[in-house]
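Reading the structure
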Amino acid sequence: MYGVTSRPLDRRGITSAMTFVTLGLVTGASGFGWLDVPLDSAVVERLTELALVFLLFSDSVRMDLKALRHSAAWPSRLLVIAIPGTMVLGFVMGLVVFPGMAVASAFLLATMLCSTDAALGQRVVDDPRVPPRVRQALDVESGFDDGIAVPFFLVALDLTMATLVGGVTSAVLTNIAAQIGWGLLAGLSTGAVGGLALRQADRRGWIKPEWRQAVTFAIAISAYAVAVTLGGSGFIAAFVGGMVFGAVSGQHGLRTTYLTEEVGNVLAAVTWMGFGALAISAVWHDITWKVVLYAVLSLTVVRMVPVAIAMLRTGAARQTVAFMGWFGPRGLASVVFLLLAMERGIPGSGDIAATVVATVGLSVFLHGLTAGPLVGAYHRWFTRQATRAAAAGCKTPLAEGKATVVPRTRRHPDPNEDSAVPAARGSRATTAADGIPLGESPHG
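Just so it is clear, the model here is predicted, and its values are computed rather than measured. (Residues numbered from 1 in each chain as written. Predicted model: local features only at pLDDT ≥ 70, side-chain atom pairs only at ≥ 80, totals over all residues. Heavy atoms only, no water.)

Considering the overall build of the protein
For the protein, the count of helices and strands is 18 helices and 0 strands. A total of 444 residues make up the protein; the buried ones form 52% of that total. Contacts spanning at least 24 positions in sequence make up 84% of the contacts within the protein whose residues lie at least 6 apart. Carbon together with sulfur atoms contributes 66% to the accessible area of the protein, which is approximately 18,700 Å² in total. (Helix = DSSP H or I, 4+ residues; strand = E, 2+ residues; numbered from the N terminus. Buried < 20%, exposed > 50% of the residue type's maximum accessible area, 1.4 Å probe, protein only. Contact = heavy atoms within 4.5 Å. Areas by Shrake-Rupley, 256 points an atom, 1.4 Å probe, with all protein chains shown as cover.)

A short note on the environment of Ser249
Of note, Ser249 is situated in helix α11 (residues 234–249). In sequence terms Ser249 and Gln200 are 49 residues apart; their C-alpha atoms lie 8.5 Å from each other. Among the polar contacts made by the side chain of Ser249, one reaches the main-chain carbonyl oxygen of Phe245 at a distance of 2.7 Å. (Polar contact = N/O pair within 3.5 Å; in protein donor to acceptor, adjacent residues only side chain to side chain.)

Describing the confidence of the model for the protein
Looking at the protein, pLDDT values average 82 and 84% of them are 70 or higher. For the protein, per-element mean pLDDT is lowest for helix α18 (residues 417–420), which scores 42, and highest for helix α14 (residues 301–310), which scores 96. Of the regions scoring below 50 in pLDDT, residues 418–444 engages in 51 contacts with residues more than four places distant in sequence or in other chains. (pLDDT = per-residue confidence, 0-100.)

Description of empty space enclosed by the protein
The tally for this structure, following the rule as stated, stands at 3 cavities of 30 Å³ or more. A volume near 90 Å³ is recorded for the largest cavity. Around the largest cavity, the lining is made up of 14 residues, and of these Asp117, Gly121, Val125, Leu138 and Phe327 lie nearest the centre. Elements that contribute at least two residues to the lining of the largest cavity include exactly α7 (122–126) and α8 (132–160). The element that contributes the greatest number of residues to the lining of the largest cavity is α8, accounting for 4 residues. (1 Å grid on protein atoms, 1.4 Å probe; cavity = no way out; pocket = protein on both sides within 12 Å on 5 of 7 lines; lining within 4 Å. Points joined across faces, edges and corners; volume = space filled by probe spheres on them.)

Structural notes on the packing of aromatic side chains
Evaluation of the coordinates by the stated rule reveals 11 aromatic pairs. Look at Phe54 and Phe217: their rings are 4.8 Å apart centre to centre, the planes differ by 25 degrees, and that puts the pair in the stacked class. Linking Phe54 in helix α3 (residues 42–61) with Phe217 in helix α10 (residues 212–230), this pair joins segments that are 163 residues apart in sequence. Residue classification places Phe217 among the partly exposed positions, given a relative accessible area of 21%. On the numbers, 4.9 Å between centres and 55 degrees between planes, the contact of Phe323 with Phe327 is tilted. Residue class for Phe323 comes out buried when judged on its relative accessible area of 6%. What makes Phe327 buried here is its relative accessible area of 7%. A connected cluster of aromatic rings, assembled from ring pairs, spans Phe323, Phe327, Tyr378, Trp381 and Phe382. (Phe/Tyr/Trp six-rings, centres within 6.5 Å; stacked < 30°, edge-to-face > 60°.)

Quick word on the packing of α3 against helix α16 (residues 332–344)
The interhelical angle for the contact between α3 and α16, taken along N-to-C directions, is 150 degrees, at an axis separation of 9 Å. The orientation of α3 with respect to α16, classified from their angle, is roughly antiparallel. Between α3 and α16 the crossing geometry is left-handed. Note on element contacts: α16 touches α3 through Leu332, Ala333, Val335, Val336, Leu339, Leu340 and Glu343, opposite Val44, Glu45, Thr48, Glu49, Ala51, Leu52 and Leu55. (Axes fitted to C-alpha atoms, helices over the stretch in contact; angles between N-to-C directions. Parallel < 35°, antiparallel > 145°, perpendicular 65-115°, else oblique. Left-handed = near helix turned anticlockwise from the far one by under 90°.)

Quick notes on the pattern of salt bridges
According to the stated counting rule, one finds 6 salt bridges in the structure shown. Between Asp10 and Arg123 there is a salt bridge, and its shortest N-O distance comes to 3.3 Å. Within this pair, whereas Asp10 is found in helix α1 (residues 6–11), its partner Arg123 is found in helix α7, the two being separated by 113 residues in sequence. What makes Asp10 partly exposed here is its relative accessible area of 35%. Arg123 sits in the partly exposed class, given a relative accessible area of 25%. Among the salt bridges present, the one from Lys208 reaches Glu210, with a minimum N-O distance of 3.1 Å. (Salt bridge = Lys/Arg side-chain N within 4 Å of Asp/Glu carboxyl O.)

As for helix α5 (residues 73–97)
Between its first and last C-alpha atoms α5 spans 34 Å; for 25 residues at 1.5 Å apiece the expected length is 36 Å, and the two agree. Of all the bends found along α5, the most pronounced is centred on Ala82 and spans about 30 degrees, while Pro84, a proline, follows it within four residues. (Expected span 1.5 Å × (residues − 1). Bend = angle between axes of the 7 residues up to and from the residue.)

What to know about a nonpolar patch on the surface
Judged by side-chain polarity, Val80, Ile81, Val301, Val305, Ile309 and Leu312 come together as a nonpolar surface patch covering roughly 500 Å² of accessible area. At the level of elements, α5 and α14 are the ones that each hand at least two residues to the nonpolar patch. Counting residues per element, the nonpolar patch draws most heavily on α14, which supplies 3 residues. Secondary-structure assignment places Val80 in helix α5. Exposure remark for Val80: the relative accessible area of 63% places this residue in the exposed category. (Patch = residues over 30% accessible without salt bridge, like charges linked within 9 Å, V, L, I, M, F, W, Y side chains within 5 Å.)

A look at the packing of α14 against helix α15 (residues 318–326)
The axes of two packed helices give the description: the angle between them and the distance between them. At a minimum axis distance of 8 Å, the contact between α14 and α15 shows a crossing angle of 135 degrees. The angle between α14 and α15 falls in the class oblique. In the packing of α14 onto α15, the handedness of the crossing is right-handed. Contact residues: Arg303, Met304, Val307 and Ala308 in α14; Val321, Ala322, Met324, Gly325 and Trp326 in α15. Tallied by class, residues from the contact of α14 with α15 come to 7 nonpolar, 1 polar and 1 charged. (Nonpolar A, V, L, I, M, F, W, Y, C, P; charged D, E, K, R; others polar.)

What follows is the structure, encoded as structure tokens:
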């Protein structure tokens, strides 16, 4: 039902996440009661993780690493300044809004809600009306911030469970080294080996067209599995692995990523339905005015103030800073953190679970409904500023207008893909419209 009406719904600002969360509410315990699975089920947790992994991998395959090196200033500021700042301010707000909450629990809550969601933010990142530099900064931030948050989340979880060994500083540094280090190693090695294998197979004509999608899908799973086995972040591995795979294989489009993208989208839909049916139903009676207040602060002050600090002295206008600050949606990563925490049985989980669920739920609807209007308003402002600068003969472009390479948007073909990828010997022709070999299912 959603699929056959997806285009008109999207034009009206109704996203798939909004639709499936609502569907989950209707079919879950608070509705008809058709879906009744334990929220801390390992299956629920794994599905949510894999949804995020596939979306991160397929999105990062599109990235141009060479171009990113020349325009890394804004993404770096968001990652190095804004994300830690969001954690600190979230921690302070937790102690203020919930005066009876333990310090460790407030820290845990802040780490669970500091990451932005690549999938929920994709509608803004995909929109060509937004300046490329802004889109790239938000895109890169949403890919890497999970890896920054994971070490702090694990330390906060140990503090809450009173299982931390050693000092907090050493534990944080150790977890950062493990999560980021092993995650990077797994992503780099898996992406490089997989990309090289596909490139050589293409050059020698070894790969049958119908297996191309499956190979990419397997590489995405492998990056995640290797990282988790080594004790690193599977999310960092997926994002880095996708970038390296795209760079080494020379393939960035739907010809290789269609299956991975669509599986990620389907799992995300299932996750949002489960979120509405299980998570919201489970914490409904724990949502108080304090929970709602913290959720609103988390999406506004807690996110926007650190972004404003991070963007100081960059030349970005306040409209741009406000736009980037608002579009930091909370989504799948926060849900994964919540499931991990509930699996451990953290003490006093009522307020924490209710706050995470309320924040993510508000984000799904508020960011979804405001994306279209705010992108339109921001585009009109930017166009006026650029026109005035050109009329005044200003040779220095606006900070937001700096030339930046933005990769192919999700589900859209790369128009240069066929010319950029060596033709496989004996392979069938590909359509100019979608980059998928003629006569095959796009799923391979």
